[in-house]
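Chain and residue survey
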Amino acid sequence: MDSILTNWTTKARKFKEAHPNIASALYLIALSIFIVASMIKNSQMFPFFSQGFIFILELIPALMITIKILFLDEHNWQELVIFFLMEFYLYMSSYIAASVSVFYFSFFIIGAKDVKAEQILKVFMLTNIAFMIVAAILALSGVIWNYSTTRSLYSPVYRYALGMAYPSDYAARGLSLLLAYAVLKKFRLRLPEYISFIAVIFWFYLITGTRVDLLLSLLLLVFLVAYPKIKQLFKKISVKAVNITMLVYMFLIYLIGFLFTCFPSNKILNLINSALSGRLSHEQTLFHNFPISFTGRYIYQPGGGSGFFIDASFFRILWMYGIPMLLIAIVLFFMLNNRFLKNLNYLPIELAFIIFFISAGIDQHFLDASFNFVPLLLFANLEMFDKGQN
């Protein structure tokens, strides 16, 4: 087995030397196709495409990444065995949950090996922006539904999705783009860029009225302004401390949902539920009607703004995919922290990860590669952050 892999590795190295950009190009093309597929599923364009077409749009990129991993990346046989066993488990979990986002996302995390981070960020941003512009044009021209709603029955303020599935999805994409741009610029913006950032933040809030993403965007702005001081602070913080803090945050998210289930009349918990647009009520439904299953389960979620939907990624991981998936997710969190905190030049990625992690306690987008680019950088080439002073 080792001799076969050695021959493959030797041939792959010679092929890459003759075609130095082929592996990255294959990955980036696959990533752009997969992001489009994911965005279609999370937009009002979805009814215009068949399930078979979406399946192909997701399958082809996964096959392209598999080719890269097997023939263009350098892995020993143990790593490949672990990869295929993990993919088999993720496929089975996704099959049970009837949600394939985790399964496909894993291909792009592992397949990003040696791809330049700036290329991944640029493809992520350009694909999102292009799709959002097309969706907005189609929505405003009446070709697809421009979903709109109000925050409450008597609220005069309308919230628009501009072609996305729901206003909060549009807002989350805005936050993702701001984070990607901030990381690409290594958290060093000029005054015109700060002005543009503020304008974009309030544009997305004006259109969607999404308070959570507004607060997270403002937190990003604080990180940008205070970045030199934050960098000094992280010189004193260990990776272990960050890991423990994240575990505590996850525990509190689960605990608050459980306490609201037990004490639904508590004024403080009701205030939190109101601030989170009723998210605790959905978690209450989970605790009442869907016991935690070791292997996960399918949970019908009609959504649509008024129907039941699991918003928090932490709850989706545990309830839909099961306890082993939660443990895998925790290992992933630790790996991300270890990679991005071992070198303070990578701190911009870590700060983006922290914001995504906070959002994962509230929103469902953490496991979607079209929203969350941070896991894609786990094995990527991060040389751009070592160039010059960050």
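The structure presented is a predicted model; accordingly, all values stated were derived computationally and were not measured. Along each chain, residues carry numbers from 1 onward, in the same order as the chain's sequence is written. At least 70 in pLDDT is required for a residue's local features to be given in this predicted model, at least 80 for side-chain atom pairs to be given and counted, and no such filter applies to totals for whole chains, interfaces and linings, which use all residues. To obtain the side-chain values, all non-hydrogen atoms of the structure were included, while hydrogens and water were left out.

A few words on the packing of aromatic side chains. Any two of the Phe, Tyr and Trp rings considered here, Trp counted by its six-membered ring, make a pair once their centres fall within 6.5 Å; the pair's planes then place it as stacked at under 30 degrees, edge-to-face at over 60, or tilted in between. All chains considered together, the criterion is met by 34 aromatic pairs. Between the aromatic rings of F187 and Y227, the centroid separation amounts to 5.6 Å while the plane-to-plane angle is 45°, which identifies the pairing as tilted. You can see F187 sitting in the loop between α7 (167-184) and α8 (191-208) and its partner Y227 sitting in helix α10 (residues 227-234), a full 40 residues away along the chain. Each member of the pair, F187 as well as Y227, carries the same accessibility label: buried. Here the aromatic cluster, defined as three or more aromatic residues joined through ring pairs, consists of Y27, F34, F83, F84, Y91, Y95, F103, Y104, F107 and F108. Two conditions define a charge sitting above a ring: the NZ of Lys or the CZ of Arg must be within 6 Å of the ring centre, and it must be within 35 degrees of the ring normal. The ring of F371 carries the charged tip of R173 above its face, separated from the ring centre by 3.8 Å. Working definition: helices are DSSP H or I runs of at least four residues, strands are E runs of at least two. Numbering for both runs from the N terminus. Partly exposed describes any residue whose relative accessible area lies between the buried limit of under 20% and the exposed limit of over 50%, with all areas from a 1.4 Å probe on protein chains only and scaled to the type maximum.

Here we come to helix α6 (residues 117-140). With 24 residues, α6 extends 34 Å between its outermost C-alpha atoms, agreeing within 8% with the 34 Å of an ideal straight helix rising 1.5 Å per residue. Following α6 by one or two positions, G142 has its phi on the positive side, about 85°. Here the expected span of a helix is defined as 1.5 Å times the quantity of residues minus one.

A word on unusual backbone geometry. Positive phi values are uncommon outside glycine, yet D114 reaches one of about 70°. Positionally, D114 belongs in the loop between α5 (101-110) and α6. The class of D114 is partly exposed, set by a relative accessible area of 47%.

Fair warning: the whole summary comes from geometry, so function is off the table for now.
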